[in-house]
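# Coordinate inspection notes
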Amino acid sequence: MIPMELITMGGGALMGGVFKFMDQAQKAKAEQQKMLMQMNQQKADIANQERESASKSADAAANRVGNDPFAKLTRRIFVLSMVGLGAWAMVGGLTGLDIVVPVTTEVGGSYLFGIVDTQKTVTEYLRFENALVHFEWLKTSILAAGAFYLGKS
């Protein structure tokens, strides 16, 4: 039979080893958390620097625009003309205007290795009643003007 003192000593040594491993695991976890906090702080510092740089850039751009009354009047005339053209494009079809569009097509063909050539270009004029032509540049100009003014506000 094993004496009780020996069992107590063995159990104490075993528990001491277990607690030592638990202590080492806790220290490793604390070191990992410390490194994560440092990494997050570095990311936050970088984000703050980028934000400050963007803010300085925006301030510099705002200072470049200036308060020239001629430039403001020119921008207003441009925007109002684009908005007027956009309104005309939306309601212009209600004015009863007809639009005639030329359409060119090629008819005929080339036969016997190009010896007989019956190809010719025919231009037809198609009439669209109560219509208005929509230009891609108009949409782009209106979007640019709107973005410019929203960026200024």
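Residues numbered from 1 in each chain as written. Predicted model: local features only at pLDDT ≥ 70, side-chain atom pairs only at ≥ 80, totals over all residues. Heavy atoms only, no water.

Per the secondary structure count, the chain includes three helices and four strands. In the chain, the succession of helices and strands from N to C terminus is α-α-β-β-β-β-α. Scaling as 2.2 N^0.38, a compact globule of 153 residues should have a C-alpha radius of gyration of about 15 Å, whereas the chain reaches 40 Å, well beyond that. Across its three principal directions, the C-alpha atoms of the chain cover 120 × 65 × 35 Å. Here the chain, with 153 residues, has 7% of them falling under the buried criterion. Taking contacts inside the chain between residues at least 6 apart in sequence as the whole, the part at least 24 apart equals 58%. (Helix = DSSP H or I, 4+ residues; strand = E, 2+ residues; numbered from the N terminus. Rg over C-alpha atoms; globule rule 2.2 N^0.38 Å. Buried < 20%, exposed > 50% of the residue type's maximum accessible area, 1.4 Å probe, protein only. Contact = heavy atoms within 4.5 Å.)

Taking 1.5 Å per residue as the helical rise, helix H2 (residues 69-91) with its 23 residues ought to reach 33 Å, and the 33 Å between its terminal C-alpha atoms agrees with that figure. Those residues of H2 not exposed but buried are Arg75, Val79, Met82 and Gly86. (Expected span 1.5 Å × (residues − 1).)

Further remarks concern the environment of Gln119. Among the structural elements, Gln119 can be located in the loop between strand E3 (116-117) and strand E4 (120-128). For Gln119, a relative accessible area of 46% gives the class partly exposed. Each C-alpha atom, one on Gln119 and one on Val107, is 5.6 Å from the other, the two residues being twelve residues apart in sequence. For Gln119, the residues in contact, after removing those within four places along its chain, are Glu106, Val107, Gly108 and Gly109. Within the structure, the side chain of Gln119 is placed 3.4 Å from the side chain of Glu106, a separation counted as a polar contact. (Polar contact = N/O pair within 3.5 Å; in protein donor to acceptor, adjacent residues only side chain to side chain.)

Here the focus is the pattern of salt bridges. Tallied over the entire structure, the rule returns two salt bridges. The closest approach of N and O atoms between Asp23 and Lys27, which form a salt bridge, is 3.6 Å. Of this pair, Asp23 and Lys27 both sit in helix H1 (residues 4-65), separated by four residues, roughly a single helical turn. Asp23 sits in the partly exposed class, given a relative accessible area of 39%. Note that Asp98 and Arg127 form a salt bridge whose closest N and O atoms lie 3.6 Å from each other. Pair noted here: Asp98 is in the loop between H2 and strand E1 (99-107) and Arg127 is in strand E4, with a separation of 29 residues, a long-range link. (Salt bridge = Lys/Arg side-chain N within 4 Å of Asp/Glu carboxyl O.)

The grouping of Ile2, Met4, Leu6, Ile7 and Met9 at the surface amounts to a nonpolar patch, some 560 Å² of accessible area in total. Looking at the element boundaries, Ile7 is found in helix H1. (Patch = residues over 30% accessible without salt bridge, like charges linked within 9 Å, V, L, I, M, F, W, Y side chains within 5 Å. Areas by Shrake-Rupley, 256 points an atom, 1.4 Å probe, with all protein chains shown as cover.)

Residues with a pLDDT of 70 or more make up 91% of the chain, whose mean pLDDT is 82. For the chain, the element scoring lowest by mean pLDDT is helix H3 (residues 136-152), at 73; E4 scores highest, at 90. (pLDDT = per-residue confidence, 0-100.)

Along the chain, the position of Gly92 falls in the loop between H2 and E1. Expressed as a C-alpha distance, the spacing of Gly92 and Asn130, which sit 38 residues apart in the sequence, is 8.1 Å.

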